[in-house]
Amino acid sequence: MAATLKNHEIAELSVPGVKVEKLPARAPDGKVAAGLTNLWIWLDNPQQFNSYTTDMVKGVILAFRAASNARDVSSVVFTGAGDKAFCTGGNTKEYAEYYAGHPQEYRQYMRLFNDMVSAILACDKPVICRVNGMRIGGGQEIGMACDFTVAQDLARFGQAGPKHGSAPIGGATDFLPVMVGAERAMASCVLCEPFSAHEAYHMGILTDITPALRVDGKFIANPLVETSRVYDDYGRLVFGKPKTGDALKAGKALMASGKVDLSALDARVEELCAKILLTFPDCTTKTLEELRKPKLEAWNRNKEDSRAWLALNMMTEARAGFTAFNEGTKDDREVDFIALRQALARNESWVGPLHDAIQPKARKRA
């Protein structure tokens, strides 16, 4: 007689903003593998581009723990609701209205964030990041903690920290040098310029990309970026770079005439899950553990120092940056960087009017 199974969960999983579902695992021929599943974890906050709140972070931690413990789960798919964003990072409204100016509170929040990244890196099952849209900032960081990434080719990637009052030390400064090298990591983390799915694929941070735009019933590649050639006349990489001029206008018109369809993305994710199904589970877990070590070693070496710095930064640049992003308009969400640098060069103190003087609304009054 089979022994009664023990429950190894520490809490019941039910958190608003995080949806967890088990879908039948399928073999490569499409047949259902009876009794086996893939666990899908959805960031379900599409109105705010699936940015994670404090409660959502807790939900993700619990979901990955549940995935590790679930005896029937073969693979984990980590994704976001809708077709606009996988995740754009932490919820800036919550940051601006609660954490800004409160370093002790943010320090506690960052403990949870660190635990979320660690939960992904420690999952006993392979983790596939299904990128259904933008993967920016903290969303890029939790995405890079996953083992595989399959993206629809309209998605954009990148960091945002130094543009919005933070540093990308929630994983990007640890993972990117390992994945793409020091120079590309430097450009991504410091300049905060987003890049296309095609560029991300060429850089080596994606397992695969799939088309997502249907025009007249047929899938076409992202019309806003260059996909017909790899290098320009001078040997510089242009594959995946944004189009300009008339080519961009034509691309936008083509985009407007089409419809986003994520069925190819879902098919590729299912295909990857099916390939994983046909492996020894313990051998696969051990392989994951070994291949995660470069990311884990960097992450564990730095995460506590990063948590302390990010908390203290909530008194100065983070407070200013998150306030600007939250209260500014869609097209004006950054502080006046030049005015800030000029004020600091004059040795003006953050304790005083400096915060308000560099906000977008101050530019409108000037």
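Everything here concerns the structure above.
Along every chain, residues carry numbers that run from 1 in the direction the sequence is written. Under the rules for a predicted model, residues below a pLDDT of 70 receive no local features and side-chain atom pairs below 80 are neither given nor counted, while totals for whole chains, interfaces and linings still include all residues. As a convention, hydrogens and water are excluded, and side-chain values are obtained from all of the structure's heavy atoms.

Turning to the overall build of the protein, a few remarks are in order. Helix and strand content of the protein: 15 helices and 13 strands. Note on method: radius of gyration uses C-alpha positions; expected globular size equals 2.2 Å times residues raised to 0.38. Computed over C-alpha atoms, the radius of gyration of the protein comes to 22 Å, within 12% of the 21 Å expected from 2.2 N^0.38 for 366 residues, which places it in the range of a compact globule. Each principal axis of the C-alpha distribution contributes one length, and for the protein these read about 75 × 50 × 35 Å. The buried label goes to any residue with under 20% of its type's maximum accessible area, the exposed label to any with over 50%, and the partly exposed label to all in between, with areas taken from a 1.4 Å probe on protein chains only. Residues classed as buried in the protein amount to 48% of the 366 residues present. Two residues form a contact once any of their heavy atoms are found within 4.5 Å. Look at the contacts in the protein between residues 6 or more apart in sequence, and 73% of them connect residues 24 or more apart. Only four residue types enter the tally: Lys and Arg on the positive side, Asp and Glu on the negative side; His and the chain ends are excluded. Lys charges are placed at NZ, Arg charges at CZ, Asp charges at CG and Glu charges at CD. Looking at charge distribution, the protein has the averaged site of its 45 positive side-chain charges lying 1 Å from that of its 44 negative ones. What counts as a helix is a DSSP run of H or I of at least four residues, what counts as a strand is a run of E of at least two, and both are numbered from the N terminus.

Right, let's get into the nonpolar core. Ranked by internal contacts, the top residues of the largest apolar core, which has 60 residues, are Tyr-52, Phe-64, Phe-78, Tyr-109, Phe-113, Ile-142 and Phe-157. In terms of residue count, helix H3 (residues 103-121) provides more of this core than any other element does, nine residues in total. By nonpolar core we mean a set of buried residues, namely Ala, Val, Leu, Ile, Met, Phe, Trp, Tyr and Cys, connected to one another through side-chain atoms within 4.5 Å. Ranked by size, the runner-up nonpolar core spans 15 residues in total, among them Trp-42, Val-77, Val-150 and Cys-273.

As a further point, take the pairing of strand E1 (residues 18-26). Pairing of E1 with strand E2 (residues 32-43) involves eight bridges; the strand directions are antiparallel. Paired with Leu-23 across the two strands is Asn-38, which belongs to E2. Two strands make a pair as long as DSSP finds a minimum of two bridges between them. Hairpin geometry of E1 and E2 is characterised by an intervening segment of five residues between the two adjacent antiparallel strands and by a positive phi of about 90° at Gly-30.

A separate point is a nonpolar patch on the surface. A cluster of nonpolar side chains, Met-186, Val-190 and Leu-191, forms an exposed patch at the surface whose accessible area comes to about 290 Å². Mapped onto the fold, Val-190 is located in helix H7 (residues 182-191). Think of a patch as exposed residues, more than 30% relative accessible area, with no salt bridge, where like charges cluster within 9 Å and nonpolar side chains (Val, Leu, Ile, Met, Phe, Trp, Tyr) cluster within 5 Å. Accessible surface area values rest on a Shrake-Rupley calculation with a 1.4 Å probe, where residue burial reflects the displayed protein chains alone. Salt bridge, as used here, is a side-chain nitrogen of Lys or Arg placed within 4 Å of a carboxyl oxygen of Asp or Glu.

Let's shift gears to the sheet that holds strand E7 (residues 148-152). The strand order across the open sheet formed by six strands is E1-E2-E3-E5-E7-E10, and the pairing between neighbours is mixed. Lying at the two open borders of the sheet, with one neighbouring strand each, are E1 and strand E10 (208-210). Recorded for the sheet is a direction-independent mean angle of 25° between the axes of neighbouring strands. Taken together, the three bridges between strand E3 (residues 73-80) and strand E5 (residues 127-131) define a ladder with parallel strand orientation. For Phe-78, the partnering residue across the bridge sits in E5 and is Cys-129. Throughout, an axis means a line fitted to C-alpha atoms (over the contacting stretch in the case of helices), and angles, computed between N-to-C directions, take values from 0 to 180 degrees.

Turning our eyes to something else, we now look at the sheet that holds strand E6 (residues 134-136). Reading across from one edge, E4-E6-E8-E9 is the order of the four strands in this open sheet, with mixed pairing throughout. With partners counted over all chains shown, the strands left at the sheet margins are strand E4 (85-87) and strand E9 (195-196), one partner each.

One pass over the structure, following the stated rule, counts 18 salt bridges. Linking Arg-111 and Glu-304 is a salt bridge whose minimum nitrogen-to-oxygen distance equals 3.0 Å. Taken together, the residues Arg-111 in helix H3 and Glu-304 in helix H11 (residues 281-313) connect sequence positions 193 residues apart. On the basis of relative accessibility, which here comes to 38%, the residue Arg-111 falls in the partly exposed class. For Glu-304, a relative accessible area of 31% corresponds to the partly exposed category. Between Arg-307 and Glu-304 there is a salt bridge whose closest N-O contact spans 3.1 Å. Of this pair, Arg-307 and Glu-304 both sit in helix H11, three residues apart, which is roughly one turn of that helix. Salt bridges sharing partners connect three or more residues here, namely Asp-208, Arg-268, Glu-271 and Lys-275.

Backbone geometry follows two general trends: most residues other than glycine have a negative phi, and most peptide bonds adopt the trans configuration. At Asn-50, a position not held by glycine, the phi torsion is positive, near 55°. Locating Asn-50 in the fold gives a position in the loop between E2 and helix H1 (54-69). Taking the relative accessible area as the measure of exposure, Asn-50 reaches 1% and is therefore buried. In this structure, Asn-347 takes a positive phi of about 70° despite not being glycine. On the accessibility criterion, Asn-347 (68% relative accessible area) is exposed.

The next thing to look at is the environment of Lys-275. Mapped onto the elements of the fold, Lys-275 is located in helix H10 (residues 263-277). Note on Lys-275: relative accessible area 47%, which makes it partly exposed. Taking the C-alpha atoms as reference, Lys-275 lies 28 Å from Gly-59; in sequence the two are 216 residues apart.

Where H1 meets H3, the axes come as close as 9 Å, and the angle between the chain directions of the two elements is 30°. Our classification of the angle between H1 and H3 gives roughly parallel. For the crossing formed where H1 meets H3, the hand is left-handed. Contacts from Thr-54, Val-57, Lys-58, Val-60, Ile-61 and Phe-64 in H1 reach Tyr-109, Leu-112, Phe-113, Asp-115, Met-116, Ala-119 and Ile-120 in H3. Any residue that is not Ala, Val, Leu, Ile, Met, Phe, Trp, Tyr, Cys, Pro, Asp, Glu, Lys or Arg is counted as polar, Gly included; the first ten are nonpolar and the last four charged. Along the lines of polarity and charge, the residues of the contact of H1 with H3 split into 10 nonpolar, one polar and two charged. Any angle that falls under 35 degrees is termed roughly parallel, while one over 145 is termed roughly antiparallel, one within 65 to 115 roughly perpendicular, and all others oblique. Less than a right angle of anticlockwise turn of the near helix away from the far helix marks a crossing as left-handed, whereas a clockwise turn marks it as right-handed.

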